[in-house]
Structure formats: C-alpha cells, structure tokens
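A closer look at the structure
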Amino acid sequence: MTDIGELSGSSRSDELDEVLDEHMIGELAGLRSFQRGVGYLNDRRVESAAASDKGVRATVRGTMPYDVELWLDADTLHWSCSCPAAEDGSFCKHCVAVALSLLRTGERPEGASEPTRPSQRSRSADPDVPLLEGFVHRLDVERLAEIVLQQAADDWRLRERLLLEARSEQGIGPDLDEWRQRIRGVFDAGRHVSYHEVHEWAEIVDEMIDAMVDLCDAGHGPAVAQLAEYAHRQADTAMGLVDDSDGWLTAISDRLADLHLQACEQSTSDPVKLAKRLAKLETTSELDGFYRSAVTYADVLGPSGLTAFRRAIEPQWRQIDPKDDGWSSDVSRLREAMIGWALAMDDPDALVEAHRRERIRPTDMVEIAAAFERAGRDDEAVEWARRGLSGTGHGSRHAGNTRYFLARKLRERGETEAAVDLYWKTFEASPSLSNYRRLKQEDTGVDWLSRIRKHLLSRLDPSADNTLLAYGAPADGSVPEDVMSDDASAAPAAAVILTEILLFEGHAQQAWDMAVQLGTSSQMWMALAREREQRSPRDSITVYASAALAIIDRKRANQYKSAVDLMSRIQRLAADAGEPELFDSLLQRIRTEHRAKRRLKELLDRAGW
C-alpha cells in the first residue's frame, strides 16, 4: 500500500482523473457530503491507497477505517465504500475524500486552499488575470488607495479585513458587538426564507463565516470562539424561518463547529469554562454541529475540562426517567453528549452505561466493540460485534461497520474461514456487485464467480418461481425492440445482479446472453450496448433506439436532448455498419409519431435531420 499521491501516473488513476471533476463529485455527493469529504481530505484521513484491477482503492479514517474503491466501467464511474451511508449506493464523504485526493495529486501549489463548495472555480482559469495584475501593479499608491476605499465602502468583508489589520497595528482587537450585530443581521432575514431563496441566503451566511475564518487566521482565536458560539445559536433560531429541505443549515452548523474547534485549539481558553459552554451548546441545540463534543474537544479540554463536562450534564442525566424510551430530542441529545464523554475517556464500561444497556441499538454495538478493543478486552469486543451483527442482520445496509470490525478481529484470531463466511452470508442476504467485490478481496483463492453464478441461478429456478420466462425474450435470442420502454416487464433482481457481475469480470457475451434471456435493468442495458458497439452494432442500435423512444414517450421536453444525443450515436453506428437505413427508419418513425412535439422537432431540425 502507498500514499495516494504516489498513484499519480498509473493508468487507472489517469483514467479516473480524466472523468472526475469537482462539479461532478459535488453533484454525486450533495453539499453536506461534499463539504465533509473536503474536511476529511484536509485532515489527511485518506491513506493506504493502491491501484486495483479496475481503478483505485484507499482507506479513509472515519469512526472506523473504511474501504473505498473507485473504478471505471465502460467510461462510467462506479464506487463502493464499506461505511453504512454508502450501502444504499450513495456517494459518501469517504468517496468524496478519495476522489478529491486523485484530483489534487500534483496539481495544487503548496499552501493553496481547498474548495469549500463544488461550484468554486480556479482564478487561474480566468485569462484576464495577467492583464489585471499588470495594471494593478502599475497603479500609484493614491489611486490604488482610492479604489480600495471605494470598494470597502460597499464590501463589508473587505472593510472588516482592512479594519482588522489597522486595529492590530494599534494593539486593538475586533469589535465583538459590531460582529454580533452583523451575525444577527445575516441570519435574520425578517421573514420566512423559501426553498427558492435559501441558496442565496446560505451564500450570504457562508461569506460571513469566511470573514470569521479570516479573523481566526489573523490570530484572534478567543474572539472567534465566542462569535462562532453566538452564530451557532442564531443558526439554531433560524431553523423555524428557513426552508432547510436541502440541509443548508446542517452544513452551516458543521462549518461553524469546525471553525469553533480551530479557534479553541489556537487559544488558551479556560478548559472548565469551555466545557460548560460546550455542554450547553450540545444539549440545547437542534443542530448537530457540536454532536458528541467532548470527544471532539478532548485534547483541548484535558482532564479538568472533561471532568467539568461530565459535571455539567450529570444533573440532567440523572433526571432521565428510566421508563423513557430514549427517543425524545432532549433525552437523545443528553445521551449523545454522555456517549461523547465516555469515548473521550476511553472507558468502555462508561460507554455501555451511556448507551443505556437496556436500549442499546444493534448499530451502537460496533462502537462499543471498538471501545473494548482499544481497552485491550478483545473477547468482549468480539462478543459485542457478534451481538450487533445478529441484531442488524447480514443483509442490512447498517451492518457494514460491524461486519468489517468482526471480520478483522476473526482474522487476527486466525479464524479466516469464519471471517470470509461473514461476507458470504452478506452476499446471500443482499446480492450486489459491491458485496461480490468484497468477497473477492477477502479470499482470492476461491472461484467466487462460479459460486455466485450457481447461487443466483438457483433463485431463478422455474419450478420454484416463474420469473425465468417472465421476461419473454424472443426465441431467436435477439434483444426485444421495446427493451427500454417504461411498461416492459421488470427483470428478476438476481438476473440483473448476475449480468452486472459478468460484465464486471469481462464476460461480456455471457452478460449479454443473460440479459436477452432474463432481462436486466435499464442501466445495465445501456452498459451492455456500449460494450457491443464495435462487434455487434445492430444490438447496440436496438437498445439505443428503444431508450430514445422511451425518453420521448415520457413527454418531458427537458429530456428530449438526451433522446437526440442517442439518435446521433445511432446514426454513427448505422453509418459505420453500412446500414444507414436503420437510422433513417427510426428518424421517420419519430417524426411521424411525435410530430406534435415542437421542442423535439426543433432539436431534430437543429441536428440537420
């Protein structure tokens, strides 16, 4: 294994680098996961990277070490991560961190900052920068001062930056009252902020936080800590006035909490006073920025601060009704605060108590198991992990952490077969390409493809289930013309997964035959069609034509361009195959059957058809 930077120049890394860009990563992950991934990258949590047979594999340090793999299949990006958030196919923060690591390799100048949002552009891409820089450098001091002061009158952040440096020259700190007034004004829009307005509102808040970062970078950590706490309370208040459907307030809360930690690490705050403030912030806020703050701030708080934190929440903790179900927001916040304290103390018994033994959820048990492992109590660690896996079930998307932990412990004990069996049971319960890939990683000496094929085909036994012939493929083995239509019969899940695995392993013809006989998903049909373009363009044309017709039939004008793009591909394939009439007949059919669709007609005319 190597540092991920050393992978630059490998063929797989280069291929991924050509496909990936920050905007794409942001679109796949969403704002919150993207920002968390940037944070993980900045914290240097991406490690143990290696080129895999298909792409790049790395380990990302989260609550536990998570395995991330990125790879290309038919020029389409695929990914997997062993964390629970990714088991439903989501592009999680760990995937973001690895993807951004590939993009950053060898490209970022020393000292350059990381992006904070997917849409951020590099100044170096602006061709006018050299012209502007040359002009500014030639300005005399008076003219430059005039321009700066005019801009500062309209740009409060620039004004604050200049004032900060001016005050620092005179030994004066920032005006906290003025800052609090500005923070209140930014968060309080004076009315409800609708879904369509919240993006602009959040950008204004982000700009204010950027200015607070400048303040912290200038060495005003104690002041920034106070301001971050104040801003977080304002964000909490804004929850009732802002449409937070896309999680903007959550991202703002996380960012303020990260800045607060940075400010506290920079200053020499009284740990006891800080502990009391943290306890109040965590247990009274609806937002989760200060979630389990004791473990996050453990190094800053030290022994005296951690003791004070426990004392601060102890009275409320003791008042919890033993019959309480633990799901009310007040009880839940107290519970997480106490768990954070127990983790900071590295005390597994206190952690069990904090989790409230009679109400411990299966997903909590791996955290408890890890605490026992850190304490050197391995037998108890394995027992808690077994309990957790038993409670969630092998096929549950929440079982990933527990399974990873238990398999590692079993391997350490020499129980390799038992560790591999965990992943086999997972595949049996929840067949998928990612679970198949994990099996291959666990034991390279087994012919997993044959075993998987037999297992999945047994699910398609006609005597047990009538799904084998449900798809209705033509007797001659050709692909149905309406294969991509919305009303086409759904393919059995086992057939879809087996087709995906066969294509992944390079058995493209077998995958095609399986799809023709039993059907597969729309996504797999497109992947198979791309793979067959050279050797069997007629098959590819049939799939693309069906896809284009299905898109048009949905009567969504904003999707017609996708249909026209597919038609361009069909035209090229038909010409290359010496059968241009295949495209001509499709075009005639579309113009005849859909002549009333003006937007579609415009796109066809624009394409010269």
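Below is a short write-up of the structure. These figures come from a predicted structure and were not determined experimentally.

Turning to the nonpolar core, a few remarks are in order. Core analysis: the biggest nonpolar cluster contains 147 residues, and Phe 187, Trp 201, Met 212, Phe 309, Tyr 436 and Met 567 have the highest contact counts within it. Tyr 436 has contacts with Phe 427, Trp 448, Leu 449, Ile 452, Ile 501, Phe 504 and Glu 505, leaving out every residue within four places of it along the chain.

Before going further, it helps to spend a moment on the packing of aromatic side chains. A full pass over the atoms with the stated rule returns 8 aromatic pairs. Where Phe 372 meets Trp 384, the ring centres are 6.5 Å apart and the plane angle is 10 degrees; that geometry is what we call stacked. Remark: Trp 384 occurs in helix α18 (residues 378-392) and Phe 372 occurs in helix α17 (residues 365-374); sequence separation between them is 12 residues. Residue Phe 372 is classed as buried on the basis of its relative accessible area, which comes to 2%. We classify Trp 384 as buried; its relative accessible area is 6%. On the numbers, 6.1 Å between centres and 15 degrees between planes, the contact of Trp 424 with Phe 427 is stacked. Here Trp 424 pairs with Phe 427, and both are found in helix α20 (residues 416-429), just 3 residues apart, close to one helical turn. Taken as a pair, Trp 424 and Phe 427 share a single burial class, namely buried. In textbook terms, an aromatic cluster arises when at least three aromatic residues are bridged by ring pairs, as seen for Trp 424, Phe 427 and Trp 448. The residue whose ring lies beneath Arg 45 is Tyr 40, and the NZ or CZ to ring-centre distance is 4.3 Å.

It is the contact of helix α27 (residues 560-576) with helix α29 (residues 598-606), at a shortest axis distance of 10 Å, that shows an interaxial angle of 35 degrees. Of the two possible hands of crossing, α27 and α29 adopt the one that is right-handed. Note on element contacts: α29 touches α27 through Arg 599, Leu 600, Leu 603 and Leu 604, opposite Tyr 560, Lys 561, Val 564 and Met 567. Partitioning the contact of α27 with α29 into residue classes produces 6 nonpolar, no polar and 2 charged.

Cut-offs used in this document
Residues numbered from 1 in each chain as written. Predicted model: local features only at pLDDT ≥ 70, side-chain atom pairs only at ≥ 80, totals over all residues. Heavy atoms only, no water. Core = buried A, V, L, I, M, F, W, Y, C linked by side-chain atoms within 4.5 Å. Buried < 20%, exposed > 50% of the residue type's maximum accessible area, 1.4 Å probe, protein only. Contact = heavy atoms within 4.5 Å. Phe/Tyr/Trp six-rings, centres within 6.5 Å; stacked < 30°, edge-to-face > 60°. Helix = DSSP H or I, 4+ residues; strand = E, 2+ residues; numbered from the N terminus. Lys NZ or Arg CZ within 6 Å of the ring centre and 35° of its normal. Axes fitted to C-alpha atoms, helices over the stretch in contact; angles between N-to-C directions. Left-handed = near helix turned anticlockwise from the far one by under 90°. Nonpolar A, V, L, I, M, F, W, Y, C, P; charged D, E, K, R; others polar.

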